[in-house]
Structure formats: C-alpha cells, structure tokens
Amino acid sequence: MKFKLTNRFKNWWQSWQQHPTTLWTLSILWLLLISWLAFLWNLGNIGLVDETEPLFAEAARQMTVTGDWITPYFNGETRFDKPPLIYWLMAIGYRLIGVNEWAVRLPSALSAIALTGLGFYTLRYYGISRPAGFTPDLDSSQHRDSQINPSYLQRQLWICAWIGSTLMAVNLQTIIWARTGVSDMLLSACVGGALLSFFLGYAHGNQRSTGAQELGNSETTVAKSPSPPHKYPCGWYLACYVLIALAILTKGPVGIVLPTLIIGGFLLYLGNGREVLQEMCLFRGIVIILALTLPWYLLVTLANGQGYIDSFFGYHNIQRFTRTVNRHAGPWYFYFPVVLVAFAPWSSYLPFAIARLKFWRRVRWRNSPRSTHLGLFALFWFVGIFGFFTIAATKLPSYVLPLIPAAAILLALLWSDQLTHTSNLSWSSPLPLSPSMLLSSLFNLLLLIALATAIFLAPEYIGSGPAAPNLPEQLQESGLMVRGGIIWSLTAIVAALLLWRRWLFGVWIVNLVGFLAFLIFVLTPTFLLVDQVRQLPLRQLSAIAVQEKQSSEELIMIGFKKPSVVFYTQQPVTYMSKGKKARNYMKEIAVTQPSPPSVLMLARNKRLKKAKLKPDQYTTLASLGPYKLIRVSKQIFVDNSKIKN
C-alpha cells in the first residue's frame, strides 16, 4: 500500500509540474486557509484587551472625531508613544467598517498575511540552500556535491515555499500579535517586507547588469565584475525603501536601524557592499525615505514642540534602549526562552538550521551565486534582531517578533533540503537521518512533552489578578488545559513513532497538525474564556454608563486604569489611583463645578470602602464581576457630617 501511495503521489507531482498554474492555485488556496485560521478566524469576536490595545484603538478613533491626523490623543492627552501609521490604518478601518474590534485588528492581520505571501514568493524562487558544488550542511554524507538538476531544484523550491510560508504564519508569536491591535505586527511586516524586497532586488542585481540568469531552471555563473551604476533602483529596491519609510512611520528610528544593521552586516561579510549599493541607488533611496517620513515628523514637532521630541525620541526610543522602562527588565538570556516558546515546536530545529549553513566558510559563500544566499541573509536577519534587542536594556517578548520570518526561512531551507536530497520523491520512505537531524528531532520530542506537561499544570501556576480573580478555577472547570495537554501528548507520541520509522516528512506534518489542533480547540477557546472573565464586565459596564450618563456627568475610575472603558464609552474618563485623591478631587469640583450635581464612579468594592463611601451614600447602577458602577452626589464630599477625613 505504501509503495502504491508513493507512486501515485509521484505521478501527481509530475503532472502538477507540467501545469504550474495548478501549483500556484493550490498554493494560494493553502495560504488563504492558513491565513484565515491563524489571523482572521474569530478576529473581532474578542473584546479589546487592557492595557495597551485600547490605547491604540482610542487614539485612532480620536483622529476621526477631531480631524487631527497629525497629533495622536488619548483621553484628552497627547500620546507620543508611537508614530501615526497604525492610527491612520485603524482610522481608515473605522470609516470603512465602523468603530469595532475588527477595524482595530485588521491592520495587524493584513500585515501578517502580506508578509506570509511575500515570504512564499521569495522562497518559491530563491529557497535553495545548496549552490552548485557546495553543500552548506554539517552532515553531508547523505548529500553529494553534484550539479543540481532542474527537477530537483523546482521540487525543492515549491516545498521550501510551502513549508516556509506555513511556519511564518503558524507560530504562537505571529498569531498573537497578528490578532492584537497594536503596532508590533505592522512593524514586523514592514521590516520583514523591506528585507525580503532587498533580497529579491539583490538576487536580481547581477541579472539586471549582466543579463545572466542566476536562478530558474538552471544555475549559471555570476559575473564578478562590478555592476555599472544605475540611474534608478529596481522595483524591489524601491519597495525596500518604501517599506523602510513605513516602518519608520510605524515605530520610529528602529524601522531603519534594523534593516540597516542586517543589510550592512550581510554585505560587509560578503565584501560586495560597493557593488550592491550602486545597484540600490542608495542616495535616491534615502531621498525617498525622507520624502515619505519627514513631513509628519516636522508637522508633529511644529504642533507640539520640545514636548514631542523629549517624549518620543528621548523616552520611547533612547531611554528604552539604554535603560529599563516601565520595569520591563530581563537578563541577557531573556530572549532564548522567548524564542524557544514563541516559535515552538519548530524552534527545536533552529540550532541545526543555523549551524548547517557553515557561515564561517566565507570564501565559499562569496564565490557562490547571489541566488543561493537566502539562508545566509536569513541568518544575519535572525542574529541582527536577536542581538540588537538583547543589548537593549528594556526587554519585552514582542520585540523579537521581526525575527520570526527569518527563523521560518532557516527552517524551510533545512526541511526542504532534507526532504528532497535524493533524486526520488520518497517522503513516505525511511530516510537516513544525520546525527544533527536526529538530535534536533529528539529535542523536538522533548519540547512537545514539556508543552504537554506545562499545559496540564497551567491552572495551578496561573495567578489570579484583581481583574479576573477566578480565572484559574474557571480554566480548570472548562477542561481546556486538559484538552491542550492531551493534544500535545498525542503529538509527541505520534512524532516518536514516525521518527522511529525514519519518516521525516511525517514528523513535520504531525507537528503542524498538533499546532493547528491546539489553535482551534484550545488557544482560541481560551482567548474567548479569558475575554468573558476579564474584559466582558468592563464592556458591559461601559455600555450601562453610556445609557445612564446624564448631561455633562463625569465618569471617574478609582484604583485602577482600564483604557478600554474610554474606548467603549467614547468619552473621557478621570482616573484616580487612590480613594483619598478621589475625595479631594470631588471636594474641589463640588465647589468649582456644582453642575451637574453628581458623578459616575467605576471601582472595585474594596476601593469604595477605602474611599469611605457607605452603601447609603450612593446609588448602585450595576455590579458585574469585581467592578461596581455607582452614581454619587458631589455634595456628600463637602458635608463633614457624612464624610470625615
């Protein structure tokens, strides 16, 4: 039966190769499927998550209300944390589909889809890790330094594109940030798109200047003479400059620092920087970047002066790199476990995927065609971002999101090379595993077991916070953690059996199926449950506040700060950290602003007691979860017979 299935698949493959349109159609359908599952499914069914997401959402909404598209505002105050591109895209979404969660998160989801598609395109044409006469693999006993035949090459390119694009989308880090309405995924897409566009232009560079075809159905020798200067950059280099400009408009100077660091290191290593920079028309590229970015930076500086410069450049850029901000510190090894978990279970193969490139053999890499440099470029991409944020003092898991595409490319090159190293397509047949691949696969099994164990035990270690005091118990009652542990346990068992049979492709498939099952049956339902426990009461109380609010009545929040209330009430909220401050504030406005005579207060029950408010001194409008919405007369705060300090 196995041989019949294998022969049938070979026949299908040969038929598809003769009809590339069919392969492209299947590929597009596959990309749409994984993009829908990873990024769009239930995207708008979960409310905005405090604290960060509503800040972006409300700042974008304020732009549509005030018409000021230069200075971002939140709750009546300027918000200089990020440049405006993410706000602009959200505001456009509001105009098109309304003010809702879909419009908030759609820019992130579409960014992830675009990056996945460009990754597929790049790997489809340049996903080859073995230049003719050179095998960048530590364990080359299963390979031969023979000329790559066209059938082998095309097979590897398609497989590499399918695997790489899948890994770019189907990982925990990308899924989380593609479903979150903040600027991280947009930055990752702009930086990743700029780097992929650079490589596409770089791989086409010699073809443009010499007419040599580097990669197609055959490999040709690359001319070593310097390329003549071009008047204008090619389309891919132009796209690189535009995307760098968009990255700067997304998160500031880091949008150009990261691509410059990666591309500069890559060209310095290969020693062809002058030639490539001439092809890129660097001066014209800088002009393009400045023309797209400077207008907003000049306008926002003119509108806000030194305050903007100190806040955005001083605090949110320089200080975040040189010192710890908002207590987001971490040891030097902080991002090692972050990448291990965020890119699990694929991360177990990263060390081998990096080492097999033999990046220390600089002469061989310099003498190989540009079209075979994608793996080396992905290595500089991965190490550049990992190293940059490791050096930075402020550390957050989301900072290394832009290295995920590079990790996916490295693993796609590894897996496609392992699966197509023989002239026959025999994915269902036992393969001779190299020691490094065997060790990586065993690490894969250990990681799957660790994931299963961690999820089984998760309810015991998840802490309960004021916003969701009963979350551990509700997770335990839902059975989601048990379901997740079973999924990863079964994945580990099946992967072990397939590894014992040396069916390498089956190991990759079972990892993918296990992750998708975890996404569908555990991760998404968990997001929905946490939303109901943590965020739903605030949304419901916000709706009640809008209904009950009298003309000009102020909404005060005591003891906690939840920006989602501002977004869902679509009105300013006054935050008071302590009950004593709230009392003093109420005394003041009772004299200076006696009309209207009352205010709305949103607080937890404990905070109301600390504010020395008794149940007979206010009217309870609603009580949901740990929160209570009340109406309080201003007069009681100046009546010493009722309120004593």
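What counts and how
Residues numbered from 1 in each chain as written. Predicted model: local features only at pLDDT ≥ 70, side-chain atom pairs only at ≥ 80, totals over all residues. Heavy atoms only, no water. Helix = DSSP H or I, 4+ residues; strand = E, 2+ residues; numbered from the N terminus. Buried < 20%, exposed > 50% of the residue type's maximum accessible area, 1.4 Å probe, protein only. Contact = heavy atoms within 4.5 Å. Areas by Shrake-Rupley, 256 points an atom, 1.4 Å probe, with all protein chains shown as cover. Core = buried A, V, L, I, M, F, W, Y, C linked by side-chain atoms within 4.5 Å. Polar contact = N/O pair within 3.5 Å; in protein donor to acceptor, adjacent residues only side chain to side chain. Axes fitted to C-alpha atoms, helices over the stretch in contact; angles between N-to-C directions. Parallel < 35°, antiparallel > 145°, perpendicular 65-115°, else oblique. Nonpolar A, V, L, I, M, F, W, Y, C, P; charged D, E, K, R; others polar. Pairing = 2+ DSSP bridges. 1 Å grid on protein atoms, 1.4 Å probe; cavity = no way out; pocket = protein on both sides within 12 Å on 5 of 7 lines; lining within 4 Å. Points joined across faces, edges and corners; volume = space filled by probe spheres on them. Salt bridge = Lys/Arg side-chain N within 4 Å of Asp/Glu carboxyl O. Expected span 1.5 Å × (residues − 1).

Asks: Which residues make up the overall build of the chain, and what values do they have?
Replies: Per the secondary structure count, the chain includes 25 helices and 7 strands. Split into buried and exposed, the 645 residues of the chain put 56% on the buried side. For the chain, the share of sequence-separated contacts (at least 6 apart) that also reach a separation of at least 24 residues comes to 80%. When the accessible surface of the chain is summed, it comes to about 27,500 Å², and 63% of that surface belongs to carbon and sulfur atoms.

Asks: Tell me what's going on with the nonpolar core, and back it up with residues and numbers.
Replies: Among the nonpolar cores identified, the biggest contains 158 residues, and Phe 198, Leu 411 and Trp 415 are the most heavily contacted of them. When residues in this core are grouped by element, the largest group, 15 residues, is from helix H22 (residues 504-548). Trp 415 has contacts with Ile 163, Tyr 349, Met 437, Leu 504, Val 507 and Trp 508, leaving out every residue within four places of it along the chain. Within the second largest apolar cluster, 18 residues are counted, among which are Ala 545, Leu 555, Val 573 and Leu 629.

Asks: Break down the environment of Thr 293 for me, with residues and values.
Replies: Tracing the chain through its elements places Thr 293 in helix H12 (residues 282-304). With 46 residues separating them along the chain, Thr 293 and Ala 247 place their C-alpha atoms 9.6 Å apart. At a separation of 2.8 Å, a polar atom in the side chain of Thr 293 contacts the main-chain carbonyl oxygen of Ile 289.

Asks: With reference to specific residues and values, describe the environment of Ser 542.
Replies: Assignment of secondary structure puts Ser 542 in helix H22. A C-alpha to C-alpha distance of 8.3 Å links Ser 542 and Val 566, two positions 24 residues apart in sequence. Leave out the neighbours within four places in its chain, and Ser 542 touches Val 565, Tyr 568 and Thr 569. For Ser 542, the side chain forms a polar contact with the main-chain oxygen of Leu 538, separated by 2.7 Å.

Asks: Describe unusual backbone geometry, and please don't skip the residues or the numbers.
Replies: Of note, the bond from Asp 50 into Glu 51 is cis; its omega dihedral lies within 30 degrees of zero at 20°. As for its position among the elements, Glu 51 is in the loop between helix H2 (20-40) and helix H3 (52-66). Of note, the amide linkage connecting Ala 344 to Pro 345 takes the cis form, showing an omega dihedral of 0°. For Lys 358, which is not glycine, the phi dihedral falls at a positive 50°. Its location among the elements puts Lys 358 in the loop between helix H15 (350-355) and helix H16 (362-367). You will see that Arg 502, though not glycine, has its phi angle at about 60°, which is positive.

Asks: If you had to explain the packing of helix H14 (residues 335-342) against helix H17 (residues 374-391) to someone new, which residues and values would you point to?
Replies: One can describe the packing of H14 onto H17 by two numbers: an axis separation of 11 Å at closest approach and a directional angle of 135°. In terms of axis orientation, H14 runs oblique to H17. The residues of H17 that touch H14, namely those facing Tyr 335, Phe 336 and Val 339, are Phe 382, Phe 386, Phe 389 and Thr 390. When grouped by side-chain class, the residues that make up the contact of H14 with H17 number 6 nonpolar, 1 polar and no charged.

Asks: Now, about the pairing of strand S5 (residues 598-604): what can you tell me, with residues and values included?
Replies: Buried residues dominate S5, accounting for 7 of its 7 residues. Residues Ser 598, Leu 600, Leu 602 and Arg 604 of S5 are buried on one face, and the alternating residues Val 599, Met 601 and Ala 603, pointing to the opposite face, are buried as well. Here 4 bridges tie strand S3 (residues 555-558) to S5, and the two strands are oriented parallel to one another. Bridge pairing in S5 places Met 557 opposite Leu 602. Pairing analysis gives 7 bridges linking S5 to strand S7 (residues 627-633), with the strands arranged antiparallel. Of the residues in S7, the one forming a bridge with Val 599 is Val 632.

Asks: I'd love a proper account of empty space enclosed by the protein, names of residues and values included.
Replies: Gaps left between atoms show up when a probe the size of a water molecule is rolled over them. Tallying each qualifying case throughout the model produces 4 cavities of 30 Å³ or more. Its boundaries defined by the atoms lining it, the largest cavity holds a volume of some 60 Å³. Taken together, Ala 112, Leu 115, Thr 116, Met 168, Thr 174, Met 185, Ser 188, Leu 401, Ile 404 and Pro 405 make up the full set of residues lining the largest cavity. The leading source of residues in the lining of the largest cavity is helix H5 (residues 101-126), at 3 residues.

Asks: Which residues make up the pattern of salt bridges, and what values go with them?
Replies: Using the criterion set out here, one finds 10 salt bridges in the structure. A salt bridge links Lys 562 to Glu 51, with the nearest nitrogen and oxygen atoms 3.1 Å apart. Residue Lys 562 is located in the loop between S3 and helix H23 (563-569), and its partner Glu 51 is located in the loop between H2 and H3; the two are separated by 511 residues in the primary sequence. The class of Glu 51 is partly exposed, set by a relative accessible area of 34%.

Asks: Tell me about H3, and please be specific about residues and values.
Replies: In this model, H3 (15 residues) spans 22 Å end to end at C-alpha, consistent with the 21 Å of a helix rising 1.5 Å per residue. Counting buried residues along H3, 11 of its 15 residues qualify, which places the element largely inside the surrounding structure. Along H3, the positions that sit buried rather than exposed are Glu 53, Pro 54, Leu 55, Phe 56, Ala 57, Glu 58, Ala 59, Ala 60, Arg 61, Gln 62 and Met 63. In this fold, the buried residues of H3 make contact with strand S1 (73-74), helix H4 (85-97), H5 and H23. Where H3 terminates, the next one or two residues include Gly 67, which has phi positive at roughly 80°.

Asks: Could you give an account of the pairing of S7, with specific residues and numbers?
Replies: In terms of burial, S7 is largely enclosed, as 6 of its 7 residues are buried. Pairing analysis gives 6 bridges linking strand S6 (residues 618-624) to S7, with the strands arranged antiparallel. In the strand pairing of S7, Ser 623 is matched with Lys 628. Hairpin connection between S6 and S7: a loop of 2 residues separates the two successive antiparallel strands, and Gly 625 in this loop has a positive phi of roughly 60°.

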